[in-house]
Amino acid sequence: MTLSSSPHSARSSSPESTPEDSSSAETPQGAPPFDPATATIAVVTFNRSALLTRLLDSIVAMDPKPGHLVIVDNASTDDTTEVVESYRERIGTTLVYQRLDTNTGGSGGFSEGMRIAYELGSTWIWVMDDDVEVMPDGLAKMGAWAPRFKSIQGRRYDFDGSEFYWQYRIAEPLGIPIPFAPSGFDASGYKEMNSGCFEGMFIHRDIVGQIGLPDPRFFIYWDDQTYGWLASRVTTSVIVNEFVLRRTREIKQWDMGIRHMNASSDAYRYYIMRNRALIKQYYRALGVYHPAAFGLGTALTFGKELIRLAFVERKLSGTSHLFRGLRDGRAIARDRDWEPMPALVQG
């Protein structure tokens, strides 16, 4: 793998943007104000240099900027390296580029990106995929909440500019998202969550130290939900009524009226079912595993993927990948030597 960086003077002015109800994000007495220079944006990319370009352009336009930008390249075979290097002198912050030798999936990429950010001494780590762009005042909006919470999720606009709904709560016994959790916000400007999404997770280093790095064994799918759930067990995790990102990739969807269901892929279908075994292992390790309830969650997940195939992708040929995922997951679930990701600090 390759690692390179270049220093730039990061802006360190205090954020001027505050939530609509400014009292909801007031700095607790004695808490230091948010300093953008202590934040790192960690991006994972793979063979999508055109999308990455849009994200980097948005970071150029940010005010304030983070202290560091970490880009983890999952062994891309396109011109990603050249694109990243072309921004080095104009990105306006310290850029760290890590090109991995193999594709470790989103899970491995975010684990590596968060590791680098943590070792850089970052107080705040803001993770995101390469298919979003950051609102110019996005970091200021997140920073306004930083003195109060340590695990924060902002909101996103969808590709067409509409409000993107994210399933911010899970039914813990089932280990699946609650698809119809209320989308509205009250005057507080936030709602508690027990999940997470690597498309915009904003997390404090203290929480990363306690729960460890994201688990690369997921490769893709359920990794961010599990990581957000782990964070919610040690701190009050919230989604805030702040639009800070916009998706830049159009995805085929089935309009269900009040919600949408996105198209998927055979690889996603495999890992959706296989990785249920990893969640099961985490549940066992933390003493919250209930076989009947979790089994129902797995059955509902399988059924949802059949619906996705039939109504979004209009085919049934992907079912074999669901069964293969279940089969391979059984070996993971039987592994008596399996352990969760270790904490980075001793409690």
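This section reports on the structure supplied with the text. (Residues numbered from 1 in each chain as written. Predicted model: local features only at pLDDT ≥ 70, side-chain atom pairs only at ≥ 80, totals over all residues. Heavy atoms only, no water.)

### With respect to empty space enclosed by the protein
Across all of its chains, the model carries one cavity of 30 Å³ or more by this definition. In this structure, the largest cavity occupies an estimated 40 Å³ of space. As for the largest cavity, its lining consists of Leu213, Pro214, Asp215, Phe218, Asp223, Thr226, Tyr227, Leu230, Tyr282 and Met341. The residue inventory of the lining of the largest cavity, partitioned by class, reads seven nonpolar, one polar and two charged. (1 Å grid on protein atoms, 1.4 Å probe; cavity = no way out; pocket = protein on both sides within 12 Å on 5 of 7 lines; lining within 4 Å. Points joined across faces, edges and corners; volume = space filled by probe spheres on them. Nonpolar A, V, L, I, M, F, W, Y, C, P; charged D, E, K, R; others polar.)

### So, the environment of leucine 322
Its place among the elements puts leucine 322 in helix 10 (residues 319–333). In this structure leucine 322 comes out as buried when scored by relative accessible area, which is 0%. As for leucine 322 and leucine 306, which are separated by 16 residues in sequence, their C-alpha atoms are 9.1 Å apart. For leucine 322, the residues in contact, after removing those within four places along its chain, are Arg269, Met273, Phe302, Glu305 and Leu306. (Helix = DSSP H or I, 4+ residues; strand = E, 2+ residues; numbered from the N terminus. Buried < 20%, exposed > 50% of the residue type's maximum accessible area, 1.4 Å probe, protein only. Contact = heavy atoms within 4.5 Å.)

### Brief notes about the layout of surface pockets
Empty space within the second largest pocket amounts to approximately 240 Å³. Forming the boundary of the second largest pocket are 14 residues, of which Pro32, Thr123, Trp124, Ala146 and His204 lie nearest the centre. For the lining of the second largest pocket, a count of residues per class yields eight nonpolar, three polar and three charged.

### Digging into the nonpolar core
Core analysis: the largest hydrophobic core is formed by 43 residues, its most contacted members being Met114, Ile125, Val127, Ile203, Val208 and Tyr227. In contact with methionine 114, other than residues within four places in its own chain, are Ile125, Val127, Ile203, Val208, Leu213, Pro214 and Tyr227. Of all hydrophobic cores here, the second largest spans 35 residues; its members include Leu55, Met128, Ala144 and Val244. (Core = buried A, V, L, I, M, F, W, Y, C linked by side-chain atoms within 4.5 Å.)

### Topic: the environment of phenylalanine 159
Within the fold, phenylalanine 159 resides in the loop between strand 7 (151–157) and strand 8 (170–171). Residue class for phenylalanine 159 comes out partly exposed when judged on its relative accessible area of 32%. Along the primary structure phenylalanine 159 and valine 132 are separated by 27 residues, whereas in three dimensions their C-alpha atoms are 8.9 Å apart.

### Remarks on the pairing of strand 3 (residues 68–73)
For strand 3, a buried count of six out of six residues is recorded, marking the element as mostly surrounded by other parts of the structure. Going residue by residue along strand 3, you find His68, Val70 and Val72 tucked away on one face and Leu69, Ile71 and Asp73 tucked away on the opposite face as well. Note that the unit made of strand 2 (residues 39–45), helix 1 (residues 49–60) and strand 3 has a crossover that is right-handed. Taken together, the six bridges between strand 3 and strand 4 (residues 94–99) define a ladder with parallel strand orientation. Bridge assignment links isoleucine 71 to a residue of strand 4, and that residue is tyrosine 97. A crossover links strand 3 with its parallel partner strand 4, the connecting element being helix 2 (residues 80–87), and its sense is right-handed. (Right-handed = clockwise from strand over helix to strand, strands pointing away. Pairing = 2+ DSSP bridges.)

### Quick look at the packing of aromatic side chains
Each aromatic ring pair is characterised by the separation of its centres together with the angle its planes make. Throughout the structure, instances matching the rule amount to 19 aromatic pairs. Considering the side-chain rings of tryptophan 126 and phenylalanine 202, the 5.8 Å spacing of their centres and the 85° angle between planes classify their relative orientation as edge-to-face. Taken together, the residues span a long stretch of sequence, with tryptophan 126 in strand 5 (residues 124–129) and phenylalanine 202 in strand 11 (residues 201–204) at a distance of 76 residues. Note on accessibility: tryptophan 126 and phenylalanine 202 belong to one class, buried. (Phe/Tyr/Trp six-rings, centres within 6.5 Å; stacked < 30°, edge-to-face > 60°.)

### Description of the packing of helix 6 (residues 223–232) against helix 8 (residues 276–286)
The packing of two helices is summarised by the inter-axis angle and the distance between the axes. Axis separation between helix 6 and helix 8 bottoms out at 11 Å; the angle between their running directions is 15°. By the criterion of interaxial angle, the relationship of helix 6 to helix 8 is roughly parallel. Judged by the twist between their axes, the crossing of helix 6 over helix 8 is right-handed. Facing Thr226, Trp229 and Leu230 of helix 6, the residues of helix 8 in contact are Ile279, Tyr282, Tyr283 and Leu286. Looking at the contact of helix 6 with helix 8 residue by residue, the class counts come to six nonpolar, one polar and no charged. (Axes fitted to C-alpha atoms, helices over the stretch in contact; angles between N-to-C directions. Parallel < 35°, antiparallel > 145°, perpendicular 65-115°, else oblique. Left-handed = near helix turned anticlockwise from the far one by under 90°.)

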